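# What the coordinates show
Okay, here's what each chain looks like letter by letter:
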Amino acid sequence: MEENKKVIFSGIQPSGDLTLGNYLGALKNWVKLQEQYECYFCVVDLHAITVKQEPKDLRKRTLELLAIYIATGIDPEKNTLFIQSHVPAHSECAWLLTCSSYMGELGRMTQYKDKSKKAGDNIGAGLFTYPVLMAADILLYQTDLVPVGKDQTQHLELARDLADRFNKVYSPTFKVPDGYIPEAGAKIMSLQDPARKMSKSDDNPNSYILMMDDPDTIRRKVNRAVTDSLGVVKYCDEQPGVKNLMTILGCITGMTKEEIEAKYEGKGYSEFKSDVAEAIVKELEPIQNRVNDLLVNKKELEEIYTRGAEKAEYVSRKTLRKMQKKIGFIPR
Ligand code: AMP
Ligand code: TRP
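The rules behind the values
- Once a new chain begins, its residue numbering starts again from 1 and follows that chain's sequence as written.
- Whichever chain is written first becomes A and whichever ligand is written first becomes 1, with later ones labelled in order.
- The model is predicted, so local features are restricted to residues of pLDDT at least 70 and side-chain atom pairs to those at 80 or more, both for listing and for counting; the totals for chains, interfaces and linings are taken over all residues.
- Just so you know, side-chain values use all the structure's heavy atoms and leave hydrogens and water out.
- UniProt positions are given in the numbering used here, feature names are shortened, and annotations may be inferred rather than shown by experiment.
- Note on definitions: salt bridges are taken to be side-chain nitrogens of Lys or Arg within 4 Å of carboxyl oxygens of Asp or Glu.
- Numbering of helices and strands runs from the N terminus, with a helix taken as a DSSP run of H or I at least four residues long and a strand as a DSSP run of E at least two residues long.
- Domains are outlined according to an automatic or database domain assignment.
- As a working definition, buried area equals the accessible area (1.4 Å probe) given up by two parts on being put together, with both sides summed.
- Any N or O atom pair separated by 3.5 Å or less is treated as a polar contact, with the protein-specific requirement of one donor-capable and one acceptor-capable atom, and with residues adjacent in sequence counted only for side-chain atom pairs.

An unreviewed UniProt entry annotates the protein chain as Tryptophan--tRNA ligase originating from Clostridium collagenovorans DSM 3089. Note on the protein chain: under the UniProt heading Catalytic activity (unreviewed entry), the record states "tRNA(Trp) + L-tryptophan + ATP = L-tryptophyl-tRNA(Trp) + AMP + diphosphate + H(+)".

Here you go:
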């Protein structure tokens, strides 16, 4: 490991099946980062239990998500891949940071407001403190950059504030991390309502494509995607459905908006949609095959997450000990 590489940390919750949004907005970018940075990619199972999880589903999804990381092209030799609950420093650091967080700043988080609305009368306290746990994840590794989608910028801002606050109250302890938001494809929208983000928690399965959807399902969903009656493939806000499909196609093929517009000039949506669908199928099929292989032979996965946890444990402990000492806890 080269000492001078900048550190990247990111994570995804094993709380549902991954969508094409997760893939294009997060995973695909991570693959590009591994050459240049020292990366920690975490399956954040502690975050997942902020909403109710069926134990057997959580187990299955945690392993599947790790397999997806690897199948997508994140090399376990070059990066630290681990499961959050395997590294206790995350929970411990989160408590220490909770004690320097304000109710007001946590209450302002839009994700909390959205999720607590759905939770009804009994809002889990974990939903409220969730961004503090995320800050712990990031700060424990002296992270320089955090690649996340736009929806996570508010949480990242909190991590920066908490780092800064701790550094000021005690003494410099944490690196203050920056966001790393990719330019194109940062936000993939719902296929049924392009004003909303593509999300696995959407009630309508036609609104999202899952990374593990089979080719026919992908074709059917893209074919049903909401467009408009203008009939021109043009990248503009007046045509949000078409714009979204163009973003998807561009992210996968590397084509620019201009190239896509030129290619489909004078052609209807049907050819365009069919090409978008085929691009997605071609991109996801090899990944799906590798995921299935990894899940059949769990030994390889076990080795990877065990090794990852050892490395993560070592690095995170160092930061946690510093925090504990500065706060005034007696070392054992
Ligand atoms: P989540 O599924 O909300 O846990 O998000 C995991 C990661 O995927 C985060 O970095 C998100 O910002 C990203 N992500 C989720 N949905 C989308 C989307 N529709 N478009 C782009 N990025 C997304
Ligand atoms: N909150 C993030 C999400 O929902 C997941 C996450 C947890 C994360 N800890 C993190 C992302 C640390 C980046 C860094 O997408």
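Now that the structure has been shown, the text picks up again.
Within this structure, the stated rule accounts for 23 salt bridges. With its nearest N and O atoms 2.7 Å apart, the salt bridge here joins Asp151 to Lys197. Here Asp151 is found in the loop between β4 (145–147) and α8 (153–169), whereas its partner Lys197 is found in the loop between β5 (178–180) and α9 (215–223), with 46 residues between them in sequence. Where Asp216 meets Arg219, a salt bridge forms, and the shortest distance between an N and an O atom there is 3.0 Å.

By the assigned domains, the protein chain splits into domain 1 (7–185 + 296–327) and domain 2 (205–291). Placing a centre on the C-alpha atoms of domain 1 and another on those of domain 2 gives a separation of 30 Å. A buried area of about 1,400 Å², summed over both sides, lies between domain 1 and domain 2, and 74% of it is on carbon and sulfur atoms. For the domain 1 face of the interface with domain 2, the top three residues by lost area are Leu20, Tyr23 and Ala71, together amounting to 36%. One salt bridge in this structure joins Arg290 and Glu300, with 3.4 Å as the shortest N-O distance. Counting every contact that joins domain 1 to domain 2 gives five residue pairs in polar contact (both at pLDDT 80 or more). Looking at the side of domain 1 that touches domain 2, the elements with two or more residues in it are α1 (20–33) and α3 (55–72). No other element matches α3, which puts six residues into the side of domain 1 that touches domain 2.

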